Structure formats: C-alpha cells, structure tokens
Amino acid sequence: MNAPFLNIDQPAADRIARPGSGGATIALIVPVHNEEGAIAPFLKAVCESTAPLKDKGVALEFIFVNDGSSDTTLEKLIEAQQTDPRIHVIDLSRNFGKEAAMTAGLDSCDADAAIPMDVDMQDPPHVIPLLVEKWREGFEVVLAKRANRSSDSFLKQRSASMFYRVHNWIAQQKIPHDVGDFRLIDRQVIQALRSLPERRRFMKGLFAWVGFRTASVEYVRDQRIAGQSKFSGWKLWNFALEGITSFSTAPLEIWTYVGATISALSFLYGLLIVAKTMIFGVDVPGYASLLVSVLFLGGIQLLGIGIIGQYLGRVYAEIKQRPIYIVRRKYEGMS
Ligand code: UDP
Ligand code: MG
C-alpha cells in the first residue's frame, strides 16, 4: 500500500492534496462476512460516486477484510482485484466479528485517511465526497450521521435510542446518536486508535475516546442491497453490553449506593421494630414482609454479582492478551 508521502505531524488540512503535492490517498475499510452478492454492486457504486474525486487529487483504495466468510466472498474479492489493482484483501483465519475485522483493516492502512464502510450499501457511497470535503476543511474526523432510522425495525429504533441514552448518561466519553462506524478518520486518528491496546474493541466508543476535531454530514440510510443483516437481537444486546461495560464502570459502582441505601433503610426499619416491640409487645405476624425482603435482597445481590461477572469476563479476556484477529493471508493490490 502507499507509503506515507506527507508529514503526519502537519494538521490535516495542510497535508491533503494541493497542486504539486502528489495527492492524497483515502482507504475504504470494508469488513465482509458472507457478502458474495454485495461486492460487485458496491464496487460499481463506489467507483461511480467517487469518480470526481480523482480530478481533485484524491486517490481511493479499498481494503476488504474477509471475516471468515463461508461463501464465495473471498473468490469474488480476488476476482475483482484482477480488474482493479486498488483493491487489497485481508483474509482472516475465521470469523472474528466486525469490530475485529475493522481493526485489521485499520492496522494495515497506510493512507492519509480511512473510511470504514459496510459493503451492503447501507452506508451510501455518494456520501464519500462530502466526507472528503469536510476533511479538506481541516476536520480530522467527519461523521456520517443518519438523518433518520426508517430503514430499521421499530424495535431496533427504540433499542438503539435507549442504548445511546443509557450509554451517554453513564459513560464519560459520549458517543454521537445515530452515527455508525461510517465516518472519515484522518491518519492521526488511525494512529491514535492503533495505540489503544485493548482486545475487546467497541469501535464506536474507541472512536469517541480518541477525540480530535470533528464535523458531521447527514445521510439517509437505505435497506441492505443483498443478503441479510449479520446482527441478530441477541448479538445487538451483547454489543450494547460491550459498549457500556467498555466505557463506564458506573454499573459496578452503583451497587455501593444501592447497598448503602438499603442498609440505611434496614437500620431505620430495625429501629422501628424495636420501638414497636417496646410499646406494643411481641408481634408474631410478619411472614409476608420477611419473605419479600429476603427475595428482594437476594435478587439485588444476584444482579450485583452478575454485573461484576460481566466486568470480570472482560478483564479475563483482556488479560489473556490474545491477538484481536489472525490473518490467514493478504492479497495486496498494486496501488
Ligand atoms: N460483518 C463482518 N463480520 C461479522 C458481521 C458483519 O465483517 O461478523 C460486516 C458485514 O459483512 C457488513 C458489515 O459488517 O459489511 C455490517 O453488517 P450488517 O449489514 O449485517 O449489519 P447491520 O447493518 O444490520 O447493522
Ligand atoms: Mg447493514
């Protein structure tokens, strides 16, 4: 892939193409998992939408990451590479998940900026020139923000909005609403991301954590062009848990306050019982309230232990220090 030809310490706006500078390269990072039907239309649409960029001194390259596809995705990619040498393919040894696949793409990206993109055209290629334009204005991160979520089911819309609200309420680094991974990130941002050593990667959170000057453009998200979504309800739930537990320890800490409140209330209740006994004598009834409070406290304790388990599981995964992904082979293009 292209060697860096401009000094990365310069601000973004100074580094990008200007007459005589040799132009800038932008890499589209495209994770693919069983997407044989989507690759050809994706390439066609991207080439059409980005043709005008060439005249502005911006060259494009594609980094496809084959995330353990069991169909002919890899063959389709290699075939496409024969006719378009700007295509690079990283073949992972198995399915590592979209976050890991994206990390693999970013790790081997040597361009001036990268745009992580879904292959199913839900991230529309006509937005790319808009992202580039903002980048030229000097922003290091340009977010592509969904104008609405009408392409999602009602349940997904509600659960997504709840996730953003809960996440941003308890996490310090806020993630912008309705922005997926589709965005332009400058070379400096890519390097910052590479410096984060964590293995369980919730990319949206990491993108927000590294910061940088950020702008956004709006777009309308369409339906998938081929195949099916790879994210089931259960996978999305786990993804949300990953996001929250990766960027906030509030769920762990809240138990201190819940515990303290319940202890204080129990103490007051104890005082009440003592006072009542002293005034009215021994009182036998109380079976129902006893059972309810035992069950309630048991439930709270299990919940607390469960949350500790969530974090412990993540600590365990981190401490094993396994690589985020394993590359079977790289098929380098010519550019
Ligand atoms: N993807 C991947 N590995 C996975 C699941 C998905 O590389 O384990 C890719 C997929 O091929 C697509 C992108 O991630 O290019 C987004 O997936 P999808 O469209 O299924 O997600 P949705 O748009 O439904 O959230
Ligand atoms: Mg999709």
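Computed from a predicted structure; not experimentally measured.

The rules behind these values
Residues numbered from 1 in each chain as written. Chains lettered and ligands numbered in written order. Predicted model: local features only at pLDDT ≥ 70, side-chain atom pairs only at ≥ 80, totals over all residues. Heavy atoms only, no water. Helix = DSSP H or I, 4+ residues; strand = E, 2+ residues; numbered from the N terminus. Rg over C-alpha atoms; globule rule 2.2 N^0.38 Å. Buried < 20%, exposed > 50% of the residue type's maximum accessible area, 1.4 Å probe, protein only. Contact = heavy atoms within 4.5 Å. Pairing = 2+ DSSP bridges. Axes fitted to C-alpha atoms, helices over the stretch in contact; angles between N-to-C directions. Near = heavy atom within 4 Å. Polar contact = N/O pair within 3.5 Å; in protein donor to acceptor, adjacent residues only side chain to side chain. Areas by Shrake-Rupley, 256 points an atom, 1.4 Å probe, with all protein chains shown as cover. Nonpolar A, V, L, I, M, F, W, Y, C, P; charged D, E, K, R; others polar. Donors = N, O, S within 2.8 Å, 3.2 Å for Na, K, Ca; no water. Salt bridge = Lys/Arg side-chain N within 4 Å of Asp/Glu carboxyl O. Phe/Tyr/Trp six-rings, centres within 6.5 Å; stacked < 30°, edge-to-face > 60°. Lys NZ or Arg CZ within 6 Å of the ring centre and 35° of its normal.

Undergrad: Please set out the overall build of the protein residue by residue, giving values where relevant.
TA: Within the protein, the regular secondary structure consists of eleven helices and eight strands. Expected size for 335 residues packed as a compact globule is a radius of gyration near 20 Å; at 25 Å, the protein overshoots this value by more than 25%. Seen through its principal axes, the protein has C-alpha atoms that stretch 95 × 45 × 40 Å. Buried residues in the protein amount to 41% of all 335 residues. Sequence separation of 24 or more characterises 82% of the internal contacts of the protein that already satisfy a separation of 6 or more.

Undergrad: I'd love a proper account of the sheet that holds strand 8 (residues 327–331), names of residues and values included.
TA: A sheet is described by the order of its strands in space; here eight strands give the open sequence 7-5-6-4-1-2-3-8, paired in mixed fashion. What marks the edges here is a single partner per strand, and that holds for strand 7 (214–219) and strand 8. Looking at each pair of strands side by side, their axes are set apart by 20° on average, direction ignored. Packed onto the sheet, helix 4 (residues 98–107) meets strand 1 (24–32), strand 2 (58–66), strand 3 (87–92), strand 4 (113–116) and strand 6 (179–186) and runs at close to 155° relative to strand 1.

Undergrad: Go over the site of ligand 1, please, and point to the residues and values.
TA: Taken together, 18 residues form the shell around ligand 1, and within it Glu 35, Asp 67, Asp 120, Ser 229 and Lys 230 come nearest. Here an oxygen atom of ligand 1 and a backbone polar atom of Pro 31 are 2.9 Å apart. His 33 places a polar main-chain atom, nitrogen or oxygen, 3.0 Å from an oxygen atom of ligand 1. Starting from 540 Å² of accessible surface for ligand 1 in isolation, the protein chains cover 94%. Taken together, the residues that form the shell around ligand 1 break down as four nonpolar, five polar and nine charged.

Undergrad: Can you tell me about the coordination of the magnesium ion (ligand 2), naming the residues and giving the values?
TA: Distances from the magnesium ion (ligand 2) to its protein donors, namely Asp 120 (OD) and Gln 122 (OE1), fall within the range 1.9 to 2.0 Å. Across the pair, exposure class does not vary: Asp 120 and Gln 122 are buried alike.

Undergrad: Account for the pattern of salt bridges, naming residues and giving values.
TA: This model, assessed by the stated rule, comprises ten salt bridges. Asp 91 serves as the salt-bridge partner of Arg 328, at 2.8 Å between the closest nitrogen and oxygen. With Arg 328 in strand 8 and Asp 91 in strand 3, this pair connects stretches of sequence that are 237 residues apart. Using a relative accessible area of 54% as the deciding quantity, one classes Arg 328 as exposed. The class of Asp 91 is buried, set by a relative accessible area of 2%. Across the pair Asp 181 and Lys 98 runs a salt bridge, and its minimum N-O distance is 3.1 Å. Of this pair, Asp 181 sits in strand 6 while Lys 98 sits in helix 4; the two residues are 83 residues apart in sequence, bridging distant segments of the chain. One continuous salt-bridge network, built from bridges that share partners, spans Lys 98, Asp 118 and Asp 181.

Undergrad: Give me the lowdown on the packing of aromatic side chains, citing residues and values where you can.
TA: As enumerated under the stated definition, the model contains six aromatic pairs in all. Measuring from centroid to centroid gives 6.1 Å for Phe 62 and Phe 64, while their planes differ by 10°, and the two rings are stacked. You'll find Phe 62 and Phe 64 in the same group, each marked buried. Feature note: the residues Phe 163, Tyr 164, Phe 202 and Phe 239 constitute an aromatic cluster, connected by ring pairs. Note that Arg 94 overlies the ring of Phe 96, its terminal NZ or CZ placed 3.9 Å from the centroid.

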